[in-house]
Amino acid sequence: MLEFAVELFSDYTARTILLGAASLGIVSGVVGSYAVLRKQSLVGDVMSHAALPGIVLAFIIMGVKEQLPIFIGAALSAVLAVFLINLVTSNSRIKTDSAMGMALSVFFGLGLVLLTYAQKMPDANQAGLDKFLFGQAEALVEKDVLIIGVTGLFALLVVGLFWKEFKLLCFDPDFGGTMGFSMKSLDLLVTAVIVSAIVIGLQTVGVVLMSSMLIAPAVAARQWTGGMGSMVILAALIAAVSGVTGVALSAGFENVPTGPAVIVCVSVIAFFSVLFSPNGFFTLRFKDARSRREIKKDYVLKALHDLALEHDDPGYAHSERLLALGSEKGFNVRKSLSQLKAAGYVERAGEENWRLTPSGIRQIRELSPLERSG
């Protein structure tokens, strides 16, 4: 494993791809956090798919597959999609989600039509243009990484400069408006930052998978922390680690494409976080089951105590059947009694009867302040 890592980092091509994937991951994690916090995860999906016609048109117009004109075409196409979505929703009764779905399918369909046309052009330069669908990280060169780094640094600088304003936009835009901030301008700025993150990821993971690179790290980070700052940092770290891991898997196994491998890595982390993080599905289910178990135990303990008080003897024994009479349907009194016995709060008094131990009496008084004060 160590030898493989040394060999990977010592190879110029592999090191270039690693640097590009890690840089893309950091930018995607930071920028994607805003899309998740604003509940606009579909925006990233729409813009990434809407970039395809801009990519193909840039090639058709320029006649070459230079990265800079293709990035500009992708950015303009993505911005146009967002503009049309806002135009449709503000001037019709069509809801935002419907407009996004229409824009995604129309722009992506147009992109596929243009791609088919471009592939039939009598020019060998169009070969490999379809790689922008799923990415071709293996083709990254130093110039590509430099563009990714500069564009990503610009996006991160914007986020840093407008940190407080973006925070207001995510959590309380109405209050931000009363403070004198232009929420519409901030919204456009966030959109521009998201577009910049999308265009630099086109060659690495492609227009189809780029939305996952934006959303999955932020979703994973959200499960582990409630603070915005820590979420943004953790999302960037998750995306960067996923990028490096995906490149390593692609280098270590034959016929494993880098872009999809990166997405698989970040998706695995996201699914694990959703299921097993402190706020994950199974963790919350476990906490809920434990809470219900404690409530049932406290109920049985209090029932034994209340019945014993009727005989002026806190240690008076009562039958399991009597305890079950006042419980809800499906309540396993015997199981709760066994758990209380293991804790030393109750003990058997014959075959069917149970009574509180001195520890149980002290426990019920801790649970009932009025009883303790009495």
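Look above for the structure.
To keep things clear, this report deals only with the structure shown in the data block. Worth saying up front: this structure is predicted, and the values here are computed from it rather than measured.

Regarding the pattern of salt bridges
Turning to step 1, where the next piece is worked out: For the coordinates displayed, the defined rule picks out five salt bridges.
Turning to step 2, where the next piece is worked out: Note that Arg 355 and Glu 347 form a salt bridge whose closest N and O atoms lie 3.1 Å from each other.
Turning to step 3, where the next piece is worked out: By relative accessible area, which is 33% here, Arg 355 ends up partly exposed.

Description of the side chain of Ser 242
Turning to step 1, where the next piece is worked out: Tracing the backbone through its elements, the reader meets Ser 242 in helix H11 (residues 228-252).
Turning to step 2, where the next piece is worked out: Overall, the relative accessible area of 1% leaves Ser 242 in the buried class.
Turning to step 3, where the next piece is worked out: If we skip the residues at most four places from it in the chain, Ser 242 touches Val 262, Cys 265, Val 266 and Ile 269.

Some words on the side chain of Ser 277
Turning to step 1, where the next piece is worked out: With respect to the element layout, Ser 277 can be found in the loop between helix H12 (258-276) and helix H13 (281-309).
Turning to step 2, where the next piece is worked out: Take Ser 277: its relative accessible area is 0%, and that puts it in the buried class.
Turning to step 3, where the next piece is worked out: Among all residues touching Ser 277, those that are not within four sequence positions of it are Gln 223, Trp 224, Phe 272 and Thr 283.

Considerations on the packing of aromatic side chains
Turning to step 1, where the next piece is worked out: This model, assessed by the stated rule, comprises five aromatic pairs.
Turning to step 2, where the next piece is worked out: Their ring planes at 25° and their centres at 5.4 Å tell us that Phe 276 and Phe 282 sit as a pair that is stacked.
Turning to step 3, where the next piece is worked out: Here the aromatic residues Phe 272, Phe 276, Phe 281 and Phe 282 are joined through ring pairs into a cluster of three or more.

Observations concerning the sheet that holds strand E2 (residues 346-348)
Each strand in a sheet pairs with another by means of backbone hydrogen bonds, the pair being arranged parallel or else antiparallel.
Turning to step 1, where the next piece is worked out: Pairing is antiparallel across the open sheet formed by three strands, whose spatial order is E1-E3-E2. Looking at which strands have only one partner, the edges of the open sheet turn out to be strand E1 (318-319) and E2.

Remarks on the nonpolar core
Turning to step 1, where the next piece is worked out: Counting residues in hydrophobic clusters, the biggest one holds 84 residues, and the most contacted among them are Met 47, Ile 194, Val 199, Leu 202, Val 207 and Leu 214.
Turning to step 2, where the next piece is worked out: At 12 residues, helix H10 (residues 202-224) tops the list of elements feeding residues into this core.
Turning to step 3, where the next piece is worked out: Excluding residues that lie within four positions of it along the chain, Val 207 makes contacts with Ser 48, His 49, Ala 51, Leu 52, Ile 55, Phe 108, Phe 132, Leu 133 and Leu 202.
Turning to step 4, where the next piece is worked out: By size, the runner-up hydrophobic cluster in this structure holds 15 residues, among which are Leu 307, Val 333, Val 346 and Trp 354.

Definitions and cut-offs
Residue numbers restart at each chain and count upward from 1, following the sequence in its written direction. Per-residue local features are limited, in this predicted model, to residues with pLDDT of at least 70; the limit for side-chain atom pairs, both in listing and counting, is 80 or more; totals at the level of whole chains, interfaces and linings are taken over all residues. Side-chain metrics in this entry use all non-hydrogen atoms of the structure; hydrogen atoms and water are not considered. Basic side-chain nitrogens of Lys or Arg form a salt bridge, by our definition, when they fall within 4 Å of a carboxyl oxygen of Asp or Glu. Between buried and exposed lies partly exposed: a residue is buried under 20% and exposed over 50% of the maximum accessible area for its type, with that area taken using a 1.4 Å probe on protein chains only. Runs of H or I in DSSP of at least four residues are treated as helices and runs of E of at least two as strands, each being numbered from the N terminus. Any two residues having at least one pair of non-hydrogen atoms within 4.5 Å are treated as being in contact. Each Phe, Tyr or Trp ring (for Trp, its six-membered ring) is paired with any other whose centre lies within 6.5 Å, and the angle between the two planes then decides the class: stacked below 30 degrees, edge-to-face above 60, tilted in between. Here the rule is simple: two strands pair whenever DSSP picks up at least two bridges between them. Remark: nonpolar core denotes a set of buried residues (Ala, Val, Leu, Ile, Met, Phe, Trp, Tyr, Cys) joined through side-chain atoms within 4.5 Å.

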